[in-house]
Amino acid sequence: MSTNRRKFIQQSLKASAAVYAASMGMSAASYARIIGANDRVRVGVAGYSERFKFSLLPCFQHHYKELNFDIVAVSDLWKIRREEGQAFIKEKMGHDIMAYRNNEELYASKSVDAVIISTADFQHALHAIEAVQAGCDAYVEKPFAETMEDNKAAMKAVKASGKIVQIGSQRRSGVNYKAADEFIKAGKFGKITMVELSWNVNQPGRWRRPGLVAQLKESDTDWKRFLMNRPFEAWDPRKYLEYRLFWPYSSGMPGQWMSHQIDTVHWFTGLKHPRSVVANGGIYMWNDGRRNWDTTTAVFDYGSNEKDGFQVIFTSRMHNGDENPTEIYYSNGGEMNLNTNKISPKGGLRKNHADAMQMQPNLLPELNLTDNAPKVVASANTGGDVLTSAHMRNWMECVRSRMQPNAPVEAGYYHSIANIMTTAASRTGMKATFDEVKQEVMVGGKVFKY
């Protein structure tokens, strides 16, 4: 090829790229940084957690070779976790892994294109901000944010960055949940009148890490960096490792469990947040110094008014249960049970009761949500559940395509509003509402602050 011909083709490609970038609302420089189809995506791990070790990494391994991704680095404040993570990931990935003392060092290395964030609950939104401002795409575990201050700041940063951020609400990648969403949005289910959500366990050691607490020394970590924007407290290894038990480092049940389930309510209905939340509960069993409840009941009012409104009830207890989360949607015609993945006329308006009021009976058909769904099987060699595997793949594919993932930042923003409203109601004993203009959770006519 002649020199002139080569220059012409290169200039034409650059011009085409500039036009495409402009059509996508990106600068030419931003477009140039998009990873090519044949380039390996270098991934860093921000926080070597049990969630990462036992679920996120196995699910990543289901797809990384096919999609040409790789894990090259890990960041963790605690020396023991950092070294364990480095050794474990090296074993699983088959090559050396760089280890960094904190995220600043990780990003300064310029060694990663994307990160998987699985740090403490209250850090997720703040670490998402760090990631996108460092030019990285991110898979961010839920709950996305535990305060509206963090929630708004992270939403703004992600939207301004144009980066691909997947919130770890893996139900959004489940074939059964997708089928439920389609059925409801098609109008086949009828008006939702109530939703029952529950998550119960009987595990004294849930969220407790006594063995690890005994190993943790302040000199081996960075307590001030861990606290980030939370009020300073004296060093406490329990709050560092058992943070799910201690507000304001975690809301506990709302952030850990309810965030998954309330997200499906927002997804299926298109609603962004509840109108109001009330909550009650307490520490009835595990008096071990925790701040967060071991028993919770929260009641949500959804909809713009009573005519299109419905109620959601979330209950959770940590002293009796088999960890079989319940998600049941009700209409006048029956129910949608996402435990059994069945739609049925159970509880619907039957003929004898309808006749008495000169009404028509209203009964849903018997349907299985997964009858026509493709089967997704996780690898027996690596572990990981099918929902998280599908969700991780969706993120990886979107990093390639630059399309929005199944659980974009908006999903995290909205489930966080519901979580924060629940926290506000539980910690104040008052009804929590949401101010659309201020984008603030309100209790007693005032903005809720932790």
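Residues numbered from 1 in each chain as written. Predicted model: local features only at pLDDT ≥ 70, side-chain atom pairs only at ≥ 80, totals over all residues. Heavy atoms only, no water.

### Quick look at the overall build of the protein chain
Logical step 1: When helices and strands are counted, the protein chain shows 15 helices and 17 strands.
Logical step 2: Across the 450 residues of the protein chain, 53% fall into the buried class.
Logical step 3: Nonlocal contacts in the protein chain, meaning residues at least 24 apart in sequence, comprise 71% of its contacts between residues at least 6 apart.
Logical step 4: Accessible surface, the protein chain: about 20600 Å² in total, of which carbon and sulfur atoms supply 52%. (Helix = DSSP H or I, 4+ residues; strand = E, 2+ residues; numbered from the N terminus. Buried < 20%, exposed > 50% of the residue type's maximum accessible area, 1.4 Å probe, protein only. Contact = heavy atoms within 4.5 Å. Areas by Shrake-Rupley, 256 points an atom, 1.4 Å probe, with all protein chains shown as cover.)

### Brief notes about the side chain of Asn151
Logical step 1: Within the fold, Asn151 resides in helix H7 (residues 148-161).
Logical step 2: Look past the residues within four positions of Asn151 in its chain and what remains in contact with it is Phe144, Ala145, Gly412, Tyr413, Ser416 and Ile417.

### Side note on unusual backbone geometry
Logical step 1: A cis amide bond, omega -5 degrees, links Lys142 with the succeeding residue Pro143.
Logical step 2: In this fold, Pro143 is placed in the loop between strand E5 (137-140) and H7.
Logical step 3: In the segment running from Trp247 into Pro248, the intervening peptide bond is cis, with an omega of 10 degrees.
Logical step 4: Relative to the elements of secondary structure, Pro248 occurs in the loop between helix H11 (237-241) and helix H12 (253-269).
Logical step 5: Backbone geometry places Gln439, a non-glycine residue, at a positive phi of 55 degrees.
Logical step 6: Structurally, the position occupied by Gln439 is in the loop between strand E15 (432-435) and strand E16 (440-443).

### Looking at the packing of helix H6 (residues 124-133) against H7
Logical step 1: Taken N-terminus to C-terminus, the directions of H6 and H7 make an angle of 20 degrees; their axes are 9 Å apart at the nearest point. One element, H6, and the other, H7, form an angle in the roughly parallel class. Classified by chirality, the crossing of H7 by H6 is left-handed. Contact residues: Ala125, Leu126, Ile129, Val132 and Gln133 in H6; Asp150, Ala153, Ala154, Ala157, Val158 and Ser161 in H7. (Axes fitted to C-alpha atoms, helices over the stretch in contact; angles between N-to-C directions. Parallel < 35°, antiparallel > 145°, perpendicular 65-115°, else oblique. Left-handed = near helix turned anticlockwise from the far one by under 90°.)

### Observations regarding the packing of aromatic side chains
Logical step 1: Considering all chains together, one arrives at 21 aromatic pairs under this definition.
Logical step 2: Ring centres of Trp267 and Phe268 lie 5.2 Å apart, and the angle between their planes is 40 degrees; this geometry places the pair in the tilted category.
Logical step 3: For Phe268, a relative accessible area of 2% gives the class buried.
Logical step 4: Ring centres of Tyr302 and Phe310 lie 5.5 Å apart, and the angle between their planes is 10 degrees; on these two criteria the pair is classed as stacked. The same class applies to Tyr302 and to Phe310, which are both buried.
Logical step 5: Through successive ring pairs, a cluster of aromatic residues spans Phe122, Trp223, Phe226, Trp235, Tyr240 and Tyr249. (Phe/Tyr/Trp six-rings, centres within 6.5 Å; stacked < 30°, edge-to-face > 60°.)

### Some words on the sheet that holds strand E4 (residues 114-117)
Logical step 1: Within the open sheet, the six strands sit side by side as E3-E2-E1-E4-E5-E6. Their pairing is parallel. Sheet topology places strand E3 (98-100) and strand E6 (165-167) at the edges, where each strand pairs with a single neighbour. Across this sheet, the average inter-strand angle for adjacent strands is 20 degrees, counted without regard to direction.
Logical step 2: Contacting strand E1 (41-46), strand E2 (69-75), E4 and E5, helix H3 (residues 50-67) crosses the sheet at an angle of about 145 degrees to E2. (Pairing = 2+ DSSP bridges.)

### Regarding the sheet that holds strand E7 (residues 194-200)
Logical step 1: Taken in spatial order, the 11 strands of this open sheet run E14-E13-E12-E11-E7-E10-E9-E8-E15-E16-E17, and their pairing is mixed. Across the chains shown, the open sheet's two edge strands, defined by having one partner strand only, are strand E14 (367-368) and strand E17 (446-447).
Logical step 2: For strand E11 (residues 326-331) and strand E12 (residues 334-337), the ladder comprises four bridges, and the chain directions are antiparallel. Across the sheet, the residue bridging to Ile328 is Asn337, located in E12.
Logical step 3: Contacting E7, strand E9 (295-302), strand E10 (310-317) and E11, H12 runs over the sheet at an angle of about 155 degrees to E10.

### Focus on the nonpolar core
Logical step 1: Counting residues in each nonpolar core, the largest one holds 94 residues, and the members touching the most others are Ile262, Phe300, Val312, Tyr329, Met336 and Val441.
Logical step 2: Of all the elements, helix H15 (residues 409-428) adds the most residues to this core, at 10 residues.
Logical step 3: Aside from chain neighbours lying at most four places away, what touches Val312 is Val195, Leu197, Ile262, Val265, Ala298, Val299, Phe300 and Tyr302.
Logical step 4: Membership of the second largest hydrophobic core comes to 27 residues, among which are Tyr48, Phe52, Ala114 and Cys398. (Core = buried A, V, L, I, M, F, W, Y, C linked by side-chain atoms within 4.5 Å.)

### Overview of the confidence of the model for the protein chain
Logical step 1: Scored by pLDDT, the protein chain comes out at a mean of 91, with 89% of its residues at no less than 70.
Logical step 2: Taken as a whole, residues 12-33 scores under 50 in pLDDT and shows eight contacts with residues more than four places along the chain or in a different chain.
Logical step 3: Of the regions scoring below 50 in pLDDT, residues 376-382 engages in 10 contacts with residues more than four places distant in sequence or in other chains. (pLDDT = per-residue confidence, 0-100.)

### Concerning H15
Logical step 1: The end-to-end C-alpha separation of H15 is 28 Å, in line with the 28 Å expected for 20 residues at 1.5 Å each.
Logical step 2: Burial runs high along H15: 16 of the 20 residues are buried.
Logical step 3: Remark: Gly429 follows H15 within two positions and exhibits a positive phi of approximately 75 degrees. (Expected span 1.5 Å × (residues − 1).)

### Quick notes on the pattern of salt bridges
Logical step 1: One pass over the full model with this rule turns up 27 salt bridges.
Logical step 2: A salt bridge links Arg393 to Glu66; its shortest N-O distance comes to 2.8 Å. Note that Arg393 is positioned in helix H14 (residues 386-401) and Glu66 in helix H3, a separation of 327 residues in sequence.
Logical step 3: Between Glu233 and Arg291 there is a salt bridge, with its nearest N and O atoms 2.8 Å apart. Of this pair, Glu233 sits in the loop between helix H10 (223-227) and H11 while Arg291 is found in the loop between strand E8 (276-282) and E9, placing the two residues 58 residues apart along the sequence.
Logical step 4: The exposure class assigned to Arg291 is partly exposed, which follows from its relative accessible area of 31%. (Salt bridge = Lys/Arg side-chain N within 4 Å of Asp/Glu carboxyl O.)

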